[in-house]
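Structural description and commentary
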Amino acid sequence: MAINSISYSGSLFGQAVLNLNNQLTNLSTQLATGEKSSTYSGMGVNEGFAIAARQQLSDISAFGDTITNVNTTISAENTALQSLSSIATSVQNDASTTPQTISSTGQTIGQANAQSEFISMVGILNTQVGDRYIFSGSAINTPSVASSDQILNGNGTQAGLKQLIAERAQADGTTGLGRLVISTPATTGTAPATTTSFSVSEDSAGSPFGLKLSSVSSSLTGATVSGPSGSPASVSFSFGATNPNPGDQVTLNFNLPDGTTSSVTLTATNQNPPPTGSFLIATTSTGAPDPATTAQNLNSALNTSIGTLANTTLVAASAVVAGNEFFDPSSSATGAVAANQQTPPQAVTSATALSGTAGTNSLSASVASGDTITVNGTTISFSATAPTSTSGSPYVINTTSGTVGNLLSAIDSITGSTVPSSINSGAVTINTPSAAGFSISASSSTAQNALAALGFSSAAGTATTTAGVTTISAVQPPLRVSSSGSVTGAAAVDQETTPQAIASATALSGTAPSASLSTGFANGDAITVNGKTITFSNAANSLTGPTYNINPATSTVGNLLSAIDSITGTTTPSSISGGGAVTINTPNAANFSITASSSDPNAQAALAALGFSSASGTATTSAGGTNITANATSLVNGSADTVAWYTGNNSTDPRASANAQVDSGISVQYGVQANEQAIRQQLEGIAVYAAVTESPTATNSPAQAAALSSRITTNLTSQPGQQQISDIQTDLANAQTTMKAASDRQTQTQSVLQNMIDSTETVSTEQVASQILAIQSSLSASYQTTSMLSQLTLTKFLSGGL
């Protein structure tokens, strides 16, 4: 009989030993790796949750990296903004405290310091964090601003700030009176009922340049002072038979280009010489009143005082507004000069009614009940019954009581302009914070006519008409002084028996009586236009160059104007009004002049016969030579030929130009643009302060510097309702607060998720070690038993022994 051997591995005991051995192997692996298993199947039923938790942890890690990067950028932005604020404070302190002493460089100490600070500001605004320009909005690969040199001095054919300031200074007048014309006193009648009169007038209706007459007040005894009235505005002075009393005063108030005001006050005095700010009361040798001479003294004092104002305060105000036109992204639309229905017509003002009958202070074309105009997509209605509402919900203006001022208030409410729209000598200017998308349209014919009555018509070049819809569009800065201009002489008459107004056909020479100039050009005369000579000789006419000759015996005023136009290159031919006033147009007002040599008195007299003489206010005479200088009367869009100081992205919501998701469903906005109001105003103020220079030797230079410093001090002061640097910092702080809260939540969530993963996928090394020891003990006992069993034989079994 055969006895089969015992199969150890196949026995239950052997299988138990193998299981223990496998457990020991698994536990040893867990002890070495810290993980339950090397396969997902070995992790247990909760592994699906662990996998999802691991993805959440990955997202949290990515959010954490984003928060770190954004915080780095915001910290750099805050540091830069704080530096900008410190620079502005430093320049403001310099402007308000440093002496107004002009150095040999033509600047004060404060202005010289401003140049260095301006360069620093430009460097700060072009700060990079990594490869990101932080003040360029979404244009992170583009520097935010042009170089300081280009901003101040231009770039090739593109003008910089200094050129714009110089252009505006020139446009404010070359006679030293701020584009005002002060006529020479003229006496009419015979004593004792004589009247001596003169006027102070603006030289051009609707021009944005120079001093603008605002109001006048007078306590001058024996004199009538009235105005401003007419177009262009004028103040008239008329002295009768008596003198003013000592202490009597007259005050002229002026509007300046930057929106500020100034005044000139003169006091009558017996003190000779009169103190500054006064004029001498004149008497005859017998002690009798001499109002004619007193009027001349007042006229002379006005020339001096207004001249001082024009060469000090006006220069500073002009520089400030030039800076605003260079830096400010807002815009304006200015209509042509508009007049009301009074007799004679007066310039439209804020109080002018929107509807009315002839003879009243109302628009020449009234709005009607039921009319509407649309401003940036918002409707303004005109009603005969509803009350006026200029702040919305809805916008309504009563046609019976509504004024031009009401209309402008409603427009400003819609556009959100912080610079109120205005009226200057009948020219309406509508301001808007952004030219992009700005328009005013009128669909009905009466509303269109009313807009035209406000100076906005296709003929004025400020509105376009398409399919019956009149639309006014704003001009986007930078604004440049129009290079074109014109100069108009006084009305001139010919030599007929009853003198007639000169015309194009008026002969350049002739004897009385004839339709010829009262003083004609003669053979051998010559005048110079923009450096080119026009000779007058008996040779044939040559009106188109390269040499210019006019035969005075056979030629007309029209021939002369043709030759002048050929030299200037104007596309708008010079002309003569029905009243005999010659207007010479030029495409470049800055360099336009006509002179007659002092050695040619006949040519000077002939120019005077054309209406161009020092007395007419349109020409100046120096050393016997007559010189006519044209002045620009408008601004043009300068975007094509002016340096673009801001080169980043232009968004209406700068903060939204940079977004980052910092948690599920949570984003922060942290973009900043150098052209934001708070930053731009600081850069603008410091740049203007740095750009202006004064003559080291001129009498008015210290006062000019003081006027500029005062404005810079004010403009660098935060104004209520305007954005401040701290507002930007607050927005960035809010973003950081949001990220801090998100980061705290993520830290807590991260801990919970990691615990879930650990409980699912990892083991306790202490517990595993304990289990290994227990299994090792079991295996040791099992192996001993196995060893004993392995020695069992049949003999031992039968004998009952092992």
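Calculation criteria
- Residues numbered from 1 in each chain as written.
- Predicted model: local features only at pLDDT ≥ 70, side-chain atom pairs only at ≥ 80, totals over all residues.
- Heavy atoms only, no water.
- Helix = DSSP H or I, 4+ residues; strand = E, 2+ residues; numbered from the N terminus.
- Expected span 1.5 Å × (residues − 1).
- Buried < 20%, exposed > 50% of the residue type's maximum accessible area, 1.4 Å probe, protein only.
- Salt bridge = Lys/Arg side-chain N within 4 Å of Asp/Glu carboxyl O.
- Polar contact = N/O pair within 3.5 Å; in protein donor to acceptor, adjacent residues only side chain to side chain.
- Contact = heavy atoms within 4.5 Å.
- pLDDT = per-residue confidence, 0-100.
- Core = buried A, V, L, I, M, F, W, Y, C linked by side-chain atoms within 4.5 Å.
- Axes fitted to C-alpha atoms, helices over the stretch in contact; angles between N-to-C directions.
- Parallel < 35°, antiparallel > 145°, perpendicular 65-115°, else oblique.
- Left-handed = near helix turned anticlockwise from the far one by under 90°.
- Nonpolar A, V, L, I, M, F, W, Y, C, P; charged D, E, K, R; others polar.

Details of helix α3 (residues 109-125)
End to end, α3 covers 24 Å across 17 residues, agreeing with the expected 24 Å (1.5 Å per residue, within 8%). Burial in α3 covers these residues: Gly110, Gln111, Ala114, Phe118, Met121, Val122, Ile124 and Leu125.

Considering the pattern of salt bridges
As enumerated under the stated definition, the model contains 12 salt bridges in all. Between Asp328 and Arg680 there is a salt bridge, and its shortest N-O distance comes to 3.7 Å. Pair noted here: Asp328 is in the loop between α7 (313-327) and β12 (331-334) and Arg680 is in helix α12 (residues 677-691), with a separation of 352 residues, a long-range link. Several salt bridges converge on common partners, so that one network encompasses Glu167, Arg480 and Asp641.

Observations concerning the side chain of Gln673
Among the secondary structure elements, Gln673 is positioned in the loop between β33 (666-669) and α12. Residue Gln673 is classed as buried on the basis of its relative accessible area of 1%. Within the structure, Gln673 has its side chain in polar contact with the side chain of Asn675 (distance 3.0 Å). With sequence-adjacent residues up to four places away left out, Gln673 is seen in contact with Phe135, Gly137, Tyr646, Asn649, Asn650, Ser651, Pro654, Ser657 and Ile679.

Side note on the confidence of the model for the chain
Averaged over all residues, the pLDDT of the chain equals 84, while 82% of them reach at least 70. Mean pLDDT across the elements of the chain ranges from a minimum in strand β29 (residues 620-622), with 47, to a maximum in strand β11 (residues 278-280), with 97. When the criterion is pLDDT under 50, residues 614-618 qualifies, and its contacts beyond four places in sequence or with other chains add up to 14 contacts.

Regarding the nonpolar core
One finds Phe135, Leu161 and Ile679 to be the most contacted residues of the largest nonpolar core, which totals 61 residues. The contacts of Phe135, once residues within four sequence positions are left out, are Glu77, Ala80, Leu81, Ile124, Leu125, Ser144, Tyr646, Val672, Gln673, Ala674 and Ile679.

Considerations on α7
Three or four residues apart is the spacing at which side chains of an α-helix point the same way, because the helix has 3.6 residues per turn. Taking 1.5 Å of rise per residue, the 15 residues of α7 would be expected to cover 21 Å, and the 21 Å separating its terminal C-alpha atoms lies within 8% of that figure. Counting buried positions along α7 gives 13 out of 15 residues, so the element sits mostly inside the fold.

Digging into the environment of Ala452
Structurally, Ala452 can be placed in helix α9 (residues 445-453). The class for Ala452 is partly exposed, based on a relative accessible area of 35%. Here the alpha-carbon distance between Ala452 and Ala338, two residues 114 residues apart in the chain, equals 8.5 Å.

Here we look at unusual backbone geometry
That bond from Thr343 to Pro344 is cis: its omega, -5 degrees, falls within 30 degrees of zero. Counting through the fold element by element, Pro344 comes out in the loop between β12 and β13 (372-375). Looking along the chain, the bond that leaves Ser393 and enters Pro394 is cis, with omega of -15 degrees. With respect to the element layout, Pro394 can be found in the loop between β14 (378-383) and β15 (395-398). With a phi close to 60 degrees, Ser393 is a non-glycine residue in the positive phi region. Relative to the helices and strands, Ser393 resides in the loop between β14 and β15. Residue class for Ser393 comes out exposed when judged on its relative accessible area of 79%.

A few points about the packing of helix α5 (residues 161-171) against α7
A pair of packed helices can be characterised by two numbers: the angle between their axes and the separation between those axes. Two elements in contact, α5 and α7, have axes whose closest approach is 9 Å; the angle formed by their N-to-C orientations is 130 degrees. With respect to α7, the element α5 is oriented oblique. For the pair α5 and α7, the crossing hand works out as right-handed. Along its contact with α5, which presents Leu161, Leu164, Ile165, Arg168 and Ala169, the element α7 presents Ser318, Ala319, Val321, Ala322, Gly323, Glu325, Phe326 and Phe327. Split into classes, the residues belonging to the contact of α5 with α7 amount to nine nonpolar, two polar and two charged.

Quick look at the packing of α7 against α12
In the contact formed by α7 and α12, the axes pass within 10 Å of each other and the chain directions differ by 135 degrees. The angle between α7 and α12 falls in the class oblique. For α7 against α12, the interelement crossing comes out right-handed. Facing α7, whose interface residues are Ala319, Val320, Gly323, Asn324 and Phe327, α12 presents Arg680, Leu683, Glu684, Ala687 and Val688. Along the lines of polarity and charge, the residues of the contact of α7 with α12 split into six nonpolar, two polar and two charged.

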